[in-house]
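Read off the chains here:
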Amino acid sequence: MGAAMRRIHVGNALSAFGLGFTVPYLYVYVAQVRGLGSVTAGLVLAVFAVAALIVLPFAGRAIVRRGPLPVLLVALVTAALGALSLGLSASAATVLMSAAALGAGQAVMQPALATMIVDCSSSETRSRAFAMQFFLQNLGLGVGGLIGGHLVDTTSASSFTLLFAIEAAMFLLLVAVMATVRAPRAPRVEGAPGQSGGGSWKQLLGNRAMVQLCVLGFVLFFACYGQFESGLSAYGVEAAGISTSALGTALAANTLMIVVAQFAVLKFVERRKRSRVIAAVGLIWAVAWAVAGYAGLGHGSQTMATAAFISTYALFGLGEAMLSPTLAPLVADLAPTGLAGQYNSAFALVKQLALAIGPAVGGPLGASLHAPYIVVFTLFSLGITVLAVRMGRQLTDVQNQPSLARSRVVTQGGAPADTVAAAEA
């Protein structure tokens, strides 16, 4: 791992640490501490999603034209200003504007950092690099949330101002760290569709494998991440009688599973076809939903129901650990030369869309229609398996299993390994 990659990983950890400081407490801060009510607090959470959906289509084009580092630095400064302003805001209008700035900056960070990882890695190191990114993100979020929880005081607005100021400081510290990165710039192909926004999107939509991956990604994020703090938690409280402390333990079990299992599963994942790994995740998550069904619909004791509910989150964590070295590298390998930023932004857009729709659908369903909720999302998980197998037929052998490649050059834009090797010669 070179110096540039080390700084990128430090950047991922710092950004996650800063977000972990504030994200779990946003609702309480807006609704109770500032006294703006639950409606405004809900709008703040919606603004995060809307801001991301607005800026991500433009972020990909900017990354292709300017490179990921300048885009990242602008996003970090924007997020820092949004966080600091949010901590000082006392009216609904300023809170919403601040949340929009923080949400937009946070959304653009993801594809910019992912593109920098692509530029600084090879086909042999990319899976491990993205696994490290996911590991550090979860560790940063967990540690940030833990420390933030001990700093906040719901009777004191100044404690939350301190929290948001620390988050802003983390983003500005990250600006200083990332400004020293000397990453290799992805080559630009003159006259390629990437030079115009419409052309690059048309080329992306013409890539059948990428389109299928985006559909698959939407289902993945909708059926998992989109349910964590909405439908699944509502189901646990209403159907399984889970206490808030047990819900916190379940979220901790998810993070712990990721931290413990991430590098244990990495070698297994690297030797398998990516489509089969994703298909296996669908089966694991189907089992997780079945266990959740037992927790809420079974007739066991409350202790058994709680244990089953915590196990559900742990099983989700195992699937996440398998996906982190699989999905992002596959997006990079499907991108034509110079368009990794566009493809990363498109996939981030799909993720944000799923995270916006997931809670809206899953929340009411999990709170009131318990059995249908479990059946629907079990079927979604099995659908992940079917979609992954179908997508695998669109991939070249090297895209599906990079360990087969005889070259260190990443297959780009669907070119077979033999073509890449011949080009090297």
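Residues numbered from 1 in each chain as written. Predicted model: local features only at pLDDT ≥ 70, side-chain atom pairs only at ≥ 80, totals over all residues. Heavy atoms only, no water.

(A) Layout of the overall build of the chain. Within the chain, the regular secondary structure consists of 19 helices and 0 strands. Considering the chain as a whole, with its 425 residues, one finds that 52% of them fall into the buried category. Counted over contacts in the chain with a minimum sequence separation of 6, partners at least 24 positions apart contribute 84%. (Helix = DSSP H or I, 4+ residues; strand = E, 2+ residues; numbered from the N terminus. Buried < 20%, exposed > 50% of the residue type's maximum accessible area, 1.4 Å probe, protein only. Contact = heavy atoms within 4.5 Å.)

(B) Local environment of the packing of helix α9 (residues 208-223) against helix α17 (residues 370-392). Two elements in contact, α9 and α17, have axes separated by 10 Å at closest approach and are oriented at 160 degrees. Compared by their axis directions, α9 and α17 come out roughly antiparallel. The handedness of the crossing between α9 and α17 comes out as left-handed. Facing α9, whose interface residues are Ala209, Gln212, Leu213, Val215, Leu216, Val219, Leu220, Phe222 and Ala223, α17 presents Phe377, Phe380, Ile384, Leu387, Ala388, Arg390 and Met391. In the contact of α9 with α17, the residues fall into 14 nonpolar, 1 polar and 1 charged. (Axes fitted to C-alpha atoms, helices over the stretch in contact; angles between N-to-C directions. Parallel < 35°, antiparallel > 145°, perpendicular 65-115°, else oblique. Left-handed = near helix turned anticlockwise from the far one by under 90°. Nonpolar A, V, L, I, M, F, W, Y, C, P; charged D, E, K, R; others polar.)

(C) Structural context of the nonpolar core. If you look at the biggest cluster of nonpolar residues, it comprises 115 residues, and the most contacted ones within it are Met178, Met210, Leu213, Leu232, Ile278, Trp285 and Phe309. If one sorts the elements of this core by residue count, helix α5 (residues 92-119) sits on top with 11 residues. Once residues lying within four places of it in the same chain are set aside, the contact partners of Met178 are Arg7, Ile8, Gly11, Leu69, Leu72, Leu73, Leu113 and Met116. Within the second largest apolar cluster, 5 residues are counted, among which are Leu56, Ala107, Ala348 and Leu349. (Core = buried A, V, L, I, M, F, W, Y, C linked by side-chain atoms within 4.5 Å.)

(D) Structural context of the pattern of salt bridges. Summed over all chains, the structure comprises 2 salt bridges. Between Asp333 and Arg126 there is a salt bridge, with its nearest N and O atoms 3.1 Å apart. Taken together, the residues span a long stretch of sequence, with Asp333 in helix α15 (residues 327-334) and Arg126 in helix α6 (residues 126-151) at a distance of 207 residues. In this structure, Asp333 and Arg126 share a single accessibility class: buried. Salt-bridge contacts for Arg274 lead to Asp333; the nearest nitrogen and oxygen are separated by 3.0 Å. Pair noted here: Arg274 is in helix α13 (residues 274-297) and Asp333 is in helix α15, with a separation of 59 residues, a long-range link. Here Arg274 and Asp333 have matching classes, each one buried. Here the salt bridges share partners, and the residues they tie into one network are Arg126, Arg274 and Asp333. (Salt bridge = Lys/Arg side-chain N within 4 Å of Asp/Glu carboxyl O.)

(E) The arrangement of α5 in detail. For α5, spanning 28 residues, the distance from its first C-alpha to its last is 41 Å, which sits close to the expected 40 Å at 1.5 Å a residue. The buried fraction of α5 is high, at 20 of 28 residues. (Expected span 1.5 Å × (residues − 1).)

(F) Representation of the environment of Ala240. As for its placement among the helices and strands, Ala240 is situated in the loop between α11 (231-238) and α12 (244-270). Taking the C-alpha atoms as reference points, Ala240 and Ala305, 65 residues apart in sequence, are found 6.3 Å from one another. Apart from residues lying up to four places away in sequence, Ala240 is in contact with Tyr235, Ala295, Gly296, Gln302 and Ala305.

(G) The environment of Ser345, seen in detail. For Ser345, the location among the structural elements is in helix α16 (residues 340-368). A residue is classified by how much of its surface remains accessible, and Ser345, at 0% relative accessible area, is buried. In the structure, Ser345 is positioned 233 residues away from Ala112 in sequence and 8.1 Å away in space, judged by C-alpha atoms. Not counting chain neighbours up to four residues away, the residues in contact with Ser345 comprise Leu56, Ala59, Gly60, Ile63 and Pro111.

(H) Region of interest: α17. Over its 23 residues, α17 runs 34 Å from end to end, which matches the ideal 33 Å to within 8%, given 1.5 Å per residue. All of the buried residues in α17 are Tyr373, Ile374, Phe377, Thr378, Ser381, Ile384, Thr385, Ala388, Met391 and Gly392.

(I) Structural context of the side chain of Gln399. One can find Gln399 in helix α18 (residues 397-400). Of the residues examined, Gln399 reaches a relative accessible area of 2% and is grouped as buried.

(J) Expanded view of the environment of Val39. Tracing the backbone through its elements, the reader meets Val39 in helix α3 (residues 37-66). Residue Val39 is classed as exposed on the basis of its relative accessible area of 62%. Sequence-wise, Val39 and Tyr27 are 12 residues apart; in three dimensions their C-alpha atoms are separated by 9.9 Å.

(K) Structural context of the packing of aromatic side chains. Under the defined criterion, the tally for this structure stands at 15 aromatic pairs. Site record: aromatic cluster; members linked through ring pairs are Phe218, Phe222, Tyr235, Trp285, Trp289, Phe316, Tyr373, Phe377 and Phe380. (Phe/Tyr/Trp six-rings, centres within 6.5 Å; stacked < 30°, edge-to-face > 60°.)

(L) Broad picture of a nonpolar patch on the surface. Taken together, the side chains of Leu139, Val143, Leu146, Ile147 and Leu151 define a hydrophobic patch exposed on the protein surface, amounting to about 390 Å² of accessible area. You can see Leu139 is positioned in helix α6. (Patch = residues over 30% accessible without salt bridge, like charges linked within 9 Å, V, L, I, M, F, W, Y side chains within 5 Å. Areas by Shrake-Rupley, 256 points an atom, 1.4 Å probe, with all protein chains shown as cover.)

(M) Focus on the packing of α3 against α16. Where α3 meets α16, the axes come as close as 8 Å, and the angle between the chain directions of the two elements is 175 degrees. Here α16 runs roughly antiparallel to α3, going by the angle between their axes. Where α3 approaches α16, its residues Ala49, Ala52, Leu53, Leu56, Pro57, Ala59, Gly60, Arg61, Ile63 and Val64 are matched on the opposing element by Gly341, Gln342, Ser345, Ala348, Leu349, Gln352, Leu353 and Ala356.

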